[in-house]
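# Reading the structure
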Amino acid sequence: MSDTGNVEFESSSEPQSATEISRRGLLGGFAAFAAASAVVPFLSLRPALAEGAAPMGSVTFLSAENLLGKWNPYNHTLLSQLRLQAAAYDLLVMADAKGDFLPGLALSWSNPSPEVWEFKLRGGVTFHDGTKFTAKDVKASIEYGSNPTQAGSFFFPNPFTCEVVDDLTVRINTGKPYAAMLALLACGGPVISPAHVVEAGKLDEKFVGTGPYQWVSYENEEAGVKLTTYDAYWGEKAKIKDYVFRFVGDSQTRLAALQSGQAQIIDRVEPDQVVVIQGDANLAVQRVNTVESKWLTFRVANEPMNNPKLRQAIAHAIDVPSIVQYILLSSGEVNTSFLTSSQSFSGPSDTFPKYDTEKAKALLAEAGFPGGAGLRELTYYVSVGFYPKTREYGQLIVQNLADIGIKVNLQTLEVAKYNQLLFDPKAGDLFDHGWFIASRDPEVMLSSLFRTALVTKEKSAKNVEVLEKESAILDPEERTKYFRSTVLPTLETELYEFPMFASQLVTGQVKALKNFDVPPTAYMYINEAILA
């Protein structure tokens, strides 16, 4: 992982036992603050833009998540880097805020056979290094990106192959019917790079895309990545000249930078910071419920988390409504199924675990640990400085589990270490994480978590079976019916991970920044913004 510059992180390895935390005290304090922190939604203004105006000004975005310091767009799992890439790379297919698909580097597409998709490509497009965009670049990017040797291959259900028909026509073979093909291509992972850069093994050096912004520099974590407008961009030119993307791991430091004018956008605003930003005449807040859930992953590869009744007991013991209302100050939405309300196929599910202490105790007894007897202390990891209030709701979860007899040791991690341990199946028993796939179609998200088992490293045969069948159903109505009747009940009963609530992405910005919207899929297109 790259250095964190002079940013200070808070990391604690001291256990926090249930006896140290009063649930009534926790919620009482949060409720009192909530009453004093009513929030007002940010209303975006859309002024007319001057035709042909030269780009001007600079915007600095402070990310709550770190960057790798290596720039291969297919070999990481970081949302921060995906959001940055959105300025420098284009996709074959785009999706609007409603999830409708639009032309990107592909002008049109067809599905001549269940496993084959043909794309007619946009002519007159060049990469930032001046090379011409053709079907060869699509072939190199898709085949490389879907190769399991790349960390980002989790976007794909399996390796894809491509056939170059001519310079502006390419066919992609998915190997088996794949209903979410367009959603996959539009979700931000399968970017298009020059074939010669892929083949030369130089993807780590810098971004080389066809997007509205091109690479300038990266000196260190403190300075961040600097991009500038690409004058030969094929689409609508960016209005802001320079874009700086930096990682700052402390939420108070991010807020201070926004207040002082050192940053124009800050990420993952804490709930209690909203009222502070709204009290500044020069600042504004955007709040959007997203496709991201906050997940509690169970380390199912290890005992005792391989016990499904124990997993179900833990899920039913967690007071998610209180987390959202009192700790997050309603900056989120309690899930009623494995999907957030922003995703397709969402809606209440009868098999989804709901807060029920008595049911949790009964399930714990069925698991063989009545009242927690015979169950060792569990270790639970959360991040600090990244996702809002994780330590605070982690404390409440510790108390919730103590209420049914489960002892938990809460551990906090700074962001880079957290991202590293997330994919270590031996790191604790419980692990808090988000999972942001920028698509309303949940296929890629569910495939990566349960078919690829990226986080748990352990697959459920039942989960894999139903997801493979679902992804091959090309009829939308039939797919919806199967998803609701079979996929959700299977995932929610196996319960390898528990999606507690939908994240609300709270973004702070200067009011002088116009035409800047953060959609439920989180990818901000800074090229559409202006500084007034």
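A brief structural summary.

### A closer look at the overall build of the chain
The helix and strand tally for the chain stands at 15 helices and 19 strands. Whereas a compact globule of 532 residues would reach a radius of gyration of roughly 24 Å, the chain reaches 23 Å, a difference of no more than 12%. Considering only C-alpha atoms, the chain reaches an extent of 70 × 55 × 40 Å along its principal axes. In the chain, which comprises 532 residues, the proportion classed as buried is 58%. Counting contacts in the chain only where the partners sit at least 6 residues apart, residues at least 24 apart contribute 73% of the total. Looking at the chain as shown, the accessible area adds up to about 20,200 Å², and 50% of this sits on carbon and sulfur atoms.

### Quick look at the packing of aromatic side chains
Here the structure, examined in full by the defined rule, presents 28 aromatic pairs. Taking 5.6 Å as the distance between ring centres and 40° as the angle between the ring planes, the aromatic pair formed by Phe352 and Phe498 counts as tilted. With Phe352 in the loop between strand E13 (332-334) and helix H10 (357-366) and Phe498 in strand E17 (residues 497-510), the pair connects residues that are 146 residues apart, well separated along the chain. Here Phe352 matches Phe498 in class, with each residue buried. Put simply, the rings of Trp71, Tyr89, Phe207, Trp215 and Tyr218 pair up and form one aromatic cluster. Sitting over the face of the ring of Tyr387, Lys294 holds its NZ or CZ atom 4.1 Å from the ring centroid.

### Here's the deal with the side chain of Thr174
Tracing the sequence through the fold places Thr174 in the loop between strand E7 (169-173) and helix H4 (181-185). Here Thr174 is in contact with Pro114, Glu115, Trp117, Asn158, Phe160 and Met181, once residues within four sequence places are set aside.

### Some thoughts on helix H13 (residues 443-451)
Quick reminder: α-helices carry 3.6 residues per turn. Residues three or four places apart thus point the same way. Within H13, nine of the nine residues are buried, leaving the element largely enclosed by the surrounding structure. All of the buried residues along H13 are Glu443, Val444, Met445, Leu446, Ser447, Ser448, Leu449, Phe450 and Arg451. Residues of H13 that are buried sit in contact with H4, strand E12 (283-298), strand E16 (430-435), helix H14 (461-471), helix H15 (476-494) and E17. The first or second residue beyond H13 is Ala453, which carries a positive phi of 55°.

### Let's talk about the pairing of E16
Counting buried residues along E16, six of its six residues qualify, which places the element largely inside the surrounding structure. Neither face of E16 is open: one carries Leu430, Asp432 and Gly434, the other Phe431, His433 and Trp435, and all of them are buried. When E12 meets E16, the two strands line up antiparallel, connected through six bridges. Bridging across to E16, Trp295 finds its partner in His433. As judged from the two bridges shared by strand E14 (residues 378-383) and E16, these two strands associate in the parallel manner. Across the sheet, Tyr380 pairs through a bridge with Leu430, a residue of E16.

### Notes on the environment of Glu470
Mapped onto the elements of the fold, Glu470 is located in helix H14. When its relative accessible area of 0% is taken as the criterion, Glu470 is described as buried. Between the C-alpha atoms of Glu470 and Thr486, which are 16 residues apart in sequence, the distance is 9.0 Å. If we ignore the near neighbours within four places in the chain, the residues touching Glu470 are Glu443, Arg479, Tyr482, Phe483 and Val487. A polar side-chain atom of Glu470 sits 2.7 Å from a polar atom in the side chain of Arg479.

Procedures and definitions
- Residues numbered from 1 in each chain as written.
- Predicted model: local features only at pLDDT ≥ 70, side-chain atom pairs only at ≥ 80, totals over all residues.
- Heavy atoms only, no water.
- Helix = DSSP H or I, 4+ residues; strand = E, 2+ residues; numbered from the N terminus.
- Rg over C-alpha atoms; globule rule 2.2 N^0.38 Å.
- Buried < 20%, exposed > 50% of the residue type's maximum accessible area, 1.4 Å probe, protein only.
- Contact = heavy atoms within 4.5 Å.
- Areas by Shrake-Rupley, 256 points an atom, 1.4 Å probe, with all protein chains shown as cover.
- Phe/Tyr/Trp six-rings, centres within 6.5 Å; stacked < 30°, edge-to-face > 60°.
- Lys NZ or Arg CZ within 6 Å of the ring centre and 35° of its normal.
- Pairing = 2+ DSSP bridges.
- Polar contact = N/O pair within 3.5 Å; in protein donor to acceptor, adjacent residues only side chain to side chain.

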